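# An overview of the molecular structure
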Amino acid sequence: GSLARAVDDDMASSEANAAPAAKRHKLVGCKNFVRNNPKSDLFTMRKFHHVEFWCRDATTTAARFAVGLGMQLVAKSDLTTGNARYASYVLQSNDLRFVFSAPYDVPEGEENDDARSSMFEKSGVLRHDPSFMRTFCERHGLAVRAVCLLVDDAAAACLSSMNRGGRSPAFSSAHNDSTNYITFDYNATNYNATTSCDWCARVSEVELYGDVVLRYYSFHAGEKNAKPKTFLPGYADVPLEPPHTTPLTYGLQRLDHAVGNVPNLLETVDYITAMTGMHEFAEFTAEDVGTVDSGLNSMVLANNDEMILLPVNEPTFGTKRKSQIQTYLECNNGAGLQHLALKSDDVFATVREMRKHGGGRGGFEFQKPASADYYANLKARVGEDALTERQFKEVEELGLLVDRDDQGVLVQIFTKPLGDRPTVFIEIIQRIGCLREVKSADANAPPRIEQAGGCGGFGKGNFSELFKSIENYERTLKM
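Described below are features of the structure shown in this document.

Here is what the cut-offs are and how they apply
- Residues numbered from 1 in each chain as written.
- Predicted model: local features only at pLDDT ≥ 70, side-chain atom pairs only at ≥ 80, totals over all residues.
- Heavy atoms only, no water.
- Pairing = 2+ DSSP bridges.
- Helix = DSSP H or I, 4+ residues; strand = E, 2+ residues; numbered from the N terminus.
- Contact = heavy atoms within 4.5 Å.
- Axes fitted to C-alpha atoms, helices over the stretch in contact; angles between N-to-C directions.
- Disulfide = S-S within 2.5 Å.
- Buried < 20%, exposed > 50% of the residue type's maximum accessible area, 1.4 Å probe, protein only.
- Salt bridge = Lys/Arg side-chain N within 4 Å of Asp/Glu carboxyl O.
- Expected span 1.5 Å × (residues − 1).
- Polar contact = N/O pair within 3.5 Å; in protein donor to acceptor, adjacent residues only side chain to side chain.
- Phe/Tyr/Trp six-rings, centres within 6.5 Å; stacked < 30°, edge-to-face > 60°.

## Quick notes on the sheet that holds strand S3 (residues 86-93)
Read from one edge of the open sheet, nine strands run S6-S7-S8-S5-S1-S4-S3-S2-S9, paired in mixed fashion. Only two strands of the sheet have a single neighbouring strand rather than two, namely strand S6 (181-185) and strand S9 (236-237). With nine bridges connecting them, strand S7 (residues 200-209) and strand S8 (residues 212-220) associate as antiparallel partners. What sits directly across from Arg202, in S8, is Ser218. Across the sheet, helix H5 (residues 154-162) lies against strand S5 (143-151), S6, S7 and S8, angled at about 25° from S7, the strand it touches most.

Below is the structure:
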């Protein structure tokens, strides 16, 4: 099809032109950093599409996240849909999607490539390797395997990344014998990986850091102008029970940013920016955000419209206590995704609902609130006009943190680790201000109002309080 030819043309063009030398970044600190958006994306990145966790029991883990975060089960791929290699469940709240996948015990003799390819062509699911999934879970515990972006064409995006230094994962779930992407063709009798793409979905993957992959997803409506399924082909939609009820939600809207911890910040940032074209949005050093006990260095990467935000942290050394980032790297056995910031339009209502299910009632625990001095000095630090009087009271009542930059206000709170290890956790945020007018693609349609990405910053003024709460939590661990 024409799309396949476009991919081939893109590959030929990329090979004909040598990739430009990767930019070498350096830390200058928050005070010296000057924000600039060069609009340098190598391909169009629309938004976060989903995040996939790998775990040992997908049913139980998905159920806990559904209760803890207020997310509805909307799609599944397991034995009931013909997937005999792993179970996978999709939760959704508005534009936020989490996927939880766990391997089945595959009978001996069925781990070979021929048997695996036959099964995937019949069921149309991502090509997760059950053996590697088990190794991943042994190495990292409950952890994020994939951060997925919605792009215009996953095949072209992958080729663009690979031609500029992107690395193909050793156990990619989106790879076949001839291409670095897979195509799920809705017109076919099965979901064979093909280069033609009329009415289809495409998926590809490149390494991000550690065992985490950056996944690209695209949907192609074709001449039918058809709508995509709730999730990927091979996943069955899960209807609401009872019918016509309202989907479960505590008000979470979308993924705001996904934060990684790595041993070497600059090396990782150089790699990600080279293979995607993302630019630096913000940065912090230990002098900006640390405590007397521990610290970190951090850079935030963003796409052109700055709605996809990927902060990356590294540990600093020479402090009284081991950096919390170093603790993560040791407990995770290497680099990985540290936390996911989930955006709500009413953080107070969302946190109230979440707290109803904490304390051993199936949900998640929050870190302990900040000190009394923090709340006593809050108005003086962020300004009395940052929030309403009622909101300031709710901030202290719910143990929230507030920060402000030159553009807007950020309200945030952090959970304790989600699993057995002190690794991945969740941040709940609300951004206030930074509204802008965006022209519609339709010349006859009125412009829409949207909030600028990263409005209110990333809680620089709260880092010391966050560090103290995490340090206090780590003191309870006999490590």
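## Digging into the state of the cysteines
As enumerated under the stated definition, the model contains one disulfide in all. Across a sulfur-sulfur distance of 2.0 Å, Cys434 and Cys455 are joined as a disulfide pair. On the S-S bond that ties Cys434 to Cys455, the torsion sits near 75°, and the link is right-handed. In this pair, Cys434 is assigned in the loop between strand S17 (425-433) and strand S18 (435-438) and Cys455 in the loop between strand S19 (448-451) and helix H13 (463-475), connecting sequence segments 21 residues apart. The same class applies to Cys434 and to Cys455, which are both buried.

## Considering the pattern of salt bridges
Considering all chains together, one arrives at 22 salt bridges under this definition. Among the ionic pairs, Arg134 bridges to Asp105, the shortest N-O distance being 3.9 Å. Note that Arg134 is positioned in helix H4 (residues 130-140) and Asp105 in the loop between strand S4 (96-103) and helix H3 (113-123), a separation of 29 residues in sequence. Owing to a relative accessible area of 70%, Asp105 belongs among the exposed residues under this scheme. Salt bridges here are not isolated pairs; linked through shared partners, they connect Lys47, Asp95 and Arg97.

## Details of helix H2 (residues 58-69)
Across its 12 residues, H2 extends 16 Å between first and last C-alpha, which sits within 8% of the 16 Å expected from 1.5 Å per residue. Taken residue by residue, H2 has Ala58, Thr61, Ala62, Phe65, Ala66, Gly68 and Leu69 as its buried positions. Looking at where H2 begins, the residue whose side-chain oxygen comes 3.2 Å from the main-chain nitrogen of Thr59 is Asp57. In the stretch just after H2, Gly70 is the one whose phi turns positive, near 75°.

## Section: the packing of aromatic side chains
Each aromatic ring pair is described using two quantities: the centre-to-centre distance and the angle formed by the ring planes. Evaluation of the coordinates by the stated rule reveals 16 aromatic pairs. With centroids separated by 5.2 Å and ring planes inclined at 75°, the aromatic side chains of Phe43 and Tyr216 adopt a geometry described as edge-to-face. Here Phe43, found in the loop between helix H1 (2-16) and strand S1 (45-54), pairs with Tyr216, found in strand S8; they are 173 residues apart in sequence, far enough to count as distant. There is no split in this pair, since Phe43 and Tyr216 are both buried. Between Phe65 and Phe364, the aromatic rings sit 4.9 Å apart at their centres with planes inclined by 70°, giving edge-to-face as the arrangement. Here Phe364 lies in the loop between helix H9 (347-356) and helix H10 (372-376) and Phe65 lies in helix H2, a separation of 299 residues in the sequence.

Geometric descriptors of this kind do not, in isolation, establish any biological role.
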